[in-house]
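As a plain string of letters, each chain reads:
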Amino acid sequence: MIHECLFNLWNNADGENVSETYNWTHLFELQDFLHPGEQKLLQTIVEIATDYHKINNFIKRKLNQTANFEANSAQLNEKSTQCGFYLTAFCAGVHKTLDGYRKNIVALEQMFLDNPQLSLTFILSNVEKYRTLFQALMSMIHIIQNDNVHGCLLIGRLHKYVSCGVDQVAAAADEIIKSMNSVFYRHLCNWIIYGDLVDTFEEFFIRDGKSPDENFLYPEQMVELSLESSASLNIQKRRIRRPPVVRKFFINWDMVPIFISEDMAESILFMGRIVWIIRNDPRKSGDENYQIKNIWGGQDIEYYNKVQMLENQLFNNTEFQKTMEECRVKLTKYLWSIMLDEGNLVEHLHLIRDYYALGRGELFQQFIRVAEDHLKDTTSDLVVQNLNFIFLETARKIYGDNDKTYLKFELTSNSDITRTNPWSRLQMNFEIDWPLHIVFHPKVMELYNKLFCFLLRLRKTQIDLHKLWAEQVSRKKRIDRRVWTLRQNLMFLVNNLQYYLQVDVIEAQFSFLLKAVENANGFEDIIKVHHEFISNLLAKTFVSTPDEEHTCKNKRSLYQVPAIQCEVPSKVYSIIIKLLELCDRFCLVASIWDSELSDIELEELEIFQGQSDVVVESMLFILHRLREKASGEHLLQLLSQLDFNRYFSKHKTDTNSSVI
């Protein structure tokens, strides 16, 4: 009986047929003289053996499932959570923890051969110490089976056993986790060092979307990817080369181990995406002399080993964060240097100032004048095409062969543009060099286009008012004083608005931006100062309202947007638009007035004057109210320019108490 008992402790006579209701009594031919106490001892021994067999059968089953999956990858959708490298590593770790038990059984077998008189009590005293261990291992297996836990998430779920207070269980859990660590840190090293994500069983918490990231796609790129006919695309948009697509990678939060914080998970995703972008430089496919960039300065193996060394110990948050931070700093500094040296970041910022912020006033001044004459006989479907031609020809005549940066830009429209007011929908595309497309992504360029459209409309109105003045002066006839005064007041307001926006805001903010870029020390610094620049620029030009509740949840995310409420223009912006619309109508009507106004024309003039008073009063009222806020100090200069010597406000009862 003792020999059969030892055999059962080692081998399962019923193969894999070991269930929770497993009946052990059929294994032995119990004699009538077997004492109930001995029967109880035998039952306890067989229960321990049964737990061992259940654990062993689980190991064999999972290893077979993984082997079958690798032989037939089509079973991924069905069995991906039932097998994998982490479960294989778990089984290997469990198998190793059972070595002591197996050696003990072999020793008992030898002792029985030397002394056949061994008792059940002696056998039990030798194997009972494994009972707690087997119960803990069975608990781990139940977690895998009942909660369907797999992948790197399993490591976090097993950490509680390390601090359970039982040395034997803690040592076993330590061994199992170390076994799975080898898989986890191999995934981690390949991702953050080489930007590779080979995850057949989808066990790592970083996932490959296997598609372009829509946050970095422009509308026409989305159309192309939707498999629509390329012939339906706007021809003009093809002249500007769009940046390469950015592969979509994301975090599967259900798979993040408990010991990895949200910020750390975002940082790991961020590092791998940086490496992927650098290693997928689009220039390497068309340049035979292209040299693969050495991101780690020849120390990639050293950094790989630093990360991999963490697998030999239980998770140490301090060491882990220190190693990850060292890798992150190295990557962000390298990407920052690439942006400055190869991407020409400063040059791109100058071009944005020159074109989107109308820094090249001479170009847009001449462009608007020429375009105004040519648009009169242009059909609506050819407006954008003709405007592009005029823009390129105007730039070519002004700059010649000395400066061809204008070829990086083209005019477009975000909707159907009409011949009556083509300037209200006009936007600009910009050919952005790699890798700056992750800084100047579509959302950022949309904000720049809002500024461009606003400034262009303001400049157009300013030109129309000067054109009206020139026409009235050229007639050499007496002009009604009221017409002259209204035109002069409107011109004064528009001129000072334009000066404030171009000089006091755009030039000042751009100067701050260049200094901040010079002092930047990494890619994240560039993102931060650039977004602060956009937020301040759009807020102080009244194009958008600052989002005071905006918080950057993912400080180390590749895709970030400035703290701006994009769809909420400021109240000042709405008033300025009303002012520009008033100026447009006035220029259109006043251009056909004679020196002597008829009664109808006098009535129209009174309406214009009344609307002008309301707009000016409303604007000054809002600016005074905004100036009283902590963030409105910059408005004092604008108020002093618009209301010089209190020219407008002294004719009002009380600007600060007026009702809009």
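All residue numbers refer to position in the chain's written sequence, counted from 1. The model is predicted, so local features are restricted to residues of pLDDT at least 70 and side-chain atom pairs to those at 80 or more, both for listing and for counting; the totals for chains, interfaces and linings are taken over all residues. In computing side-chain properties, one takes all heavy atoms of the structure into account and sets aside hydrogens as well as water.

1. Quick notes on the overall build of the protein chain
In this text, helices come from DSSP runs of H or I with a minimum length of four residues, and strands from runs of E with a minimum of two, each type numbered from the N-terminal end. Within the protein chain, the secondary structure is distributed over 22 helices and six strands. Only protein chains enter the accessibility calculation, which uses a 1.4 Å probe; a residue is then buried when its area is under 20% of its type maximum, exposed when over 50%, and partly exposed in between. Residue burial in the protein chain is summarised as follows: out of 660 residues, 50% are buried. Only heavy atoms matter for contacts: two residues are in contact if any of them lie within 4.5 Å across the pair. For the protein chain, contacts bridging at least 24 residues in sequence account for 76% of all contacts bridging at least 6. For the accessible areas, the method is Shrake-Rupley and the probe is 1.4 Å, while residue cover comes only from the protein chains on display. Element-wise, carbon and sulfur atoms account for 50% of the exposed surface of the protein chain, whose accessible area totals about 32,300 Å².

2. Some remarks on the packing of aromatic side chains
Two rings from Phe, Tyr or Trp (for Trp, the six-membered ring) form a pair when their centres sit within 6.5 Å of each other. Planes less than 30 degrees apart are called stacked, planes more than 60 degrees apart edge-to-face, and all others tilted. Throughout the structure, instances matching the rule amount to 36 aromatic pairs. Plain terms: the ring middles of Tyr356 and Tyr448 are 6.0 Å apart, the flat faces sit at 40 degrees to each other, and that makes the pair tilted. Placement of the pair is Tyr356 in helix H14 (residues 345-356) and Tyr448 in helix H17 (residues 442-474), with a sequence separation of 92 residues. Of the aromatic side chains, those joined through ring pairs into one cluster are Tyr355, Tyr356, Phe364, Phe367, Phe391, Phe409, Phe430, Tyr448 and Phe452. Geometrically, a lysine NZ or arginine CZ counts as sitting over a ring once it is within 6 Å of the ring centre and also within 35 degrees of the ring normal. The ring of Tyr303 has Lys306 sitting right over it, with the charged end atom 5.2 Å from the ring centre. For Arg360, the ring lying beneath its charged end belongs to Tyr399, and the centroid distance is 4.9 Å.

3. What to know about empty space enclosed by the protein
Points on a 1 Å grid over protein atoms alone make up a cavity when a 1.4 Å probe fits among them but cannot get out, and a pocket when they form an open set with protein on both sides within 12 Å along at least five of seven lines; lining residues each have an atom within 4 Å of a point. Grid points are joined across faces, edges and corners, and a volume is the space filled by probe spheres set on the points. Tallied over the entire structure, the rule returns three cavities of 30 Å³ or more. In this structure, the largest cavity occupies an estimated 60 Å³ of space. Lining the largest cavity are Leu349, Ile352, Arg353, Ala357, Tyr448, Leu451, Ile506, Phe510, Leu513, Phe533 and Leu537. Those elements that place two or more of their residues in the lining of the largest cavity are H14, H17, helix H18 (481-519) and helix H19 (523-540).

4. Regarding a nonpolar patch on the surface
On the surface, Trp469, Val473 and Trp484 cluster together into a nonpolar patch covering about 260 Å² of accessible area. Summarising the element assignment, Trp469 is placed in helix H17. Residues enter patches when they are more than 30% accessible in relative terms and free of salt bridges; like-charged ones are connected within 9 Å and nonpolar ones (Val, Leu, Ile, Met, Phe, Trp, Tyr) within 5 Å. Any carboxyl oxygen of Asp or Glu that lies within 4 Å of a side-chain nitrogen of Lys or Arg is treated as forming a salt bridge with it.

5. Some details on the packing of helix H4 (residues 85-97) against helix H9 (residues 167-194)
For any two helices packed against each other, the geometry comes down to the angle between their axes and how far apart the axes lie. Axis lines are fitted through C-alpha atoms, for helices just across the contact stretch, and the angle between N-to-C directions can take any value from 0 to 180 degrees. At a closest axis distance of 8 Å, the pairing of H4 and H9 adopts a crossing angle of 150 degrees. Taken together, the axes of H4 and H9 are roughly antiparallel relative to one another. In terms of crossing hand, the pair formed by H4 and H9 is right-handed. In this structure, H4 uses Phe85, Tyr86, Ala89, Phe90, Ala92, Gly93, Val94, Lys96 and Thr97 to contact H9, whose residues at the interface are Ala172, Glu175, Ile176, Ser179, Met180, Val183, Phe184 and His187. Each residue is assigned to one of three groups, with Ala, Val, Leu, Ile, Met, Phe, Trp, Tyr, Cys and Pro labelled nonpolar, Asp, Glu, Lys and Arg labelled charged, and all others, Gly among them, labelled polar. For the contact of H4 with H9, the residue count by class is 11 nonpolar, four polar and two charged. An angle counts as roughly parallel when it lies under 35 degrees, as roughly antiparallel when it exceeds 145, as roughly perpendicular when it falls between 65 and 115, and as oblique in every other case. What makes a crossing left-handed is the near helix being turned counterclockwise from the far one by less than a right angle; a clockwise turn instead makes it right-handed.

6. Side note on the environment of Leu636
Locating Leu636 in the fold gives a position in helix H22 (residues 635-642). For the pair Leu636 and His624, spaced 12 residues apart in sequence, the C-alpha separation works out to 8.3 Å.

7. Section: the state of the cysteines
Throughout, disulfides are identified as pairs of cysteine sulfur atoms within 2.5 Å of each other. Taken as a whole and judged by the stated rule, the model has zero disulfides. The thiol sulfur of Cys189 is not disulfide-bonded, and the nearest other cysteine sulfur, from Cys327, lies at 8.3 Å. Judged by relative accessible area, which is 0%, Cys189 ranks as buried.

8. Points about unusual backbone geometry
With an omega of 0 degrees, the peptide bond between Trp434 and Pro435 qualifies as cis. Of note, Pro435 is situated in the loop between strand E4 (426-430) and H17. Positive phi, normally seen in glycine, also occurs at Lys210, with a value near 55 degrees.

9. Let's talk about H19
In a helix, the anticipated span is given by 1.5 Å times the number of residues less one. Along its 18 residues, H19 runs 26 Å from first to last C-alpha, staying within 8% of the 26 Å computed at 1.5 Å per residue. Phe523, Glu524, Ile526, Ile527, Val529, His530, His531, Phe533, Ile534, Ser535, Leu537 and Leu538 are the residues of H19 that are buried. Buried residues along H19 sit in contact with helix H11 (262-279), helix H13 (317-341), H14, H17, H18 and strand E6 (564-565). Directly after H19, the chain includes Phe542, whose backbone phi takes a positive value near 70 degrees.

10. Things to note about helix H8 (residues 153-162)
Most of H8 sits inside the fold, with seven of its 10 residues counted as buried. Buried within H8 we find Leu153, Leu154, Ile155, Gly156, Leu158, His159 and Tyr161. Buried residues in H8 make contact with H4, helix H7 (131-146) and H9.

11. Some points on the environment of Gln637
Take Gln637: it is sitting in helix H22. With 137 residues separating them in the primary sequence, Gln637 and Tyr500 have C-alpha atoms 8.3 Å apart.

12. What to know about the pattern of salt bridges
Where side chains of opposite charge bring their charged atoms close, a pairing between them can arise. Under the criterion given, the structure shown has 27 salt bridges. Across the salt bridge formed by Lys96 and Glu175, the nearest N and O atoms sit 3.3 Å from each other. One end of the pair, Lys96, is in helix H4; the other, Glu175, is in helix H9, and 79 residues separate them in sequence. For the salt bridge of Lys404 with Asp401, the shortest nitrogen-to-oxygen distance reads 3.8 Å. Judged by its relative accessible area of 46%, Lys404 is partly exposed. Look at Asp401 and you get exposed, because its relative accessible area is 67%. One continuous salt-bridge network, built from bridges that share partners, spans Arg353, Asp354, Arg360, Asp403 and Glu507.

13. Points about the packing of H18 against H19
Between H18 and H19, the shortest axis-to-axis distance is 10 Å and the interhelical angle comes to 170 degrees. The orientation of H18 with respect to H19, classified from their angle, is roughly antiparallel. Contacts between H18 and H19 involve Tyr500, Leu501, Val505, Ile506, Gln509, Phe510, Leu513, Ala516 and Val517 from the former and Val529, His530, Phe533, Asn536, Leu537 and Lys540 from the latter. Tallied by class, the residues present in the contact of H18 with H19 amount to 11 nonpolar, three polar and one charged.

14. Things to note about the side chain of His437
Inspection of the secondary structure puts His437 in the loop between E4 and H17. Look past the residues within four positions of His437 in its chain and what remains in contact with it is Phe216, Pro243, Pro244, Val246 and Ile432.

15. Comments concerning the confidence of the model for the protein chain
When pLDDT is averaged across the protein chain, the result is 81; 81% of the residues are at 70 or more. The predictor reports its confidence for every residue as pLDDT, a score running from 0 up to 100. Per-element averaging of pLDDT across the protein chain places helix H3 (residues 76-79) at the bottom with 45 and H14 at the top with 94. Segment residues 74-80: pLDDT under 50, and eight contacts once partners within four positions in sequence are set aside and those in other chains are kept. A low-confidence stretch, residues 229-237 stays under pLDDT 50, and its non-local contacts, those more than four residues away or across chains, total 12 contacts.

16. A word on the side chain of Asp213
Tracing the sequence through the fold places Asp213 in the loop between strand E1 (206-212) and helix H10 (219-225). For the purposes of these results, a polar contact is taken to be a pair of N or O atoms within 3.5 Å, where, inside protein, one atom must be able to donate a hydrogen and its partner to accept one; residues adjacent in sequence count only when each atom of the pair is a side-chain atom. Within the structure, the side chain of Asp213 is placed 2.9 Å from the side chain of Arg273, a separation counted as a polar contact. Ignoring any residue separated from it by four or fewer positions in sequence, one finds Asp213 in contact with Val246, Arg247, Lys248 and Arg273.

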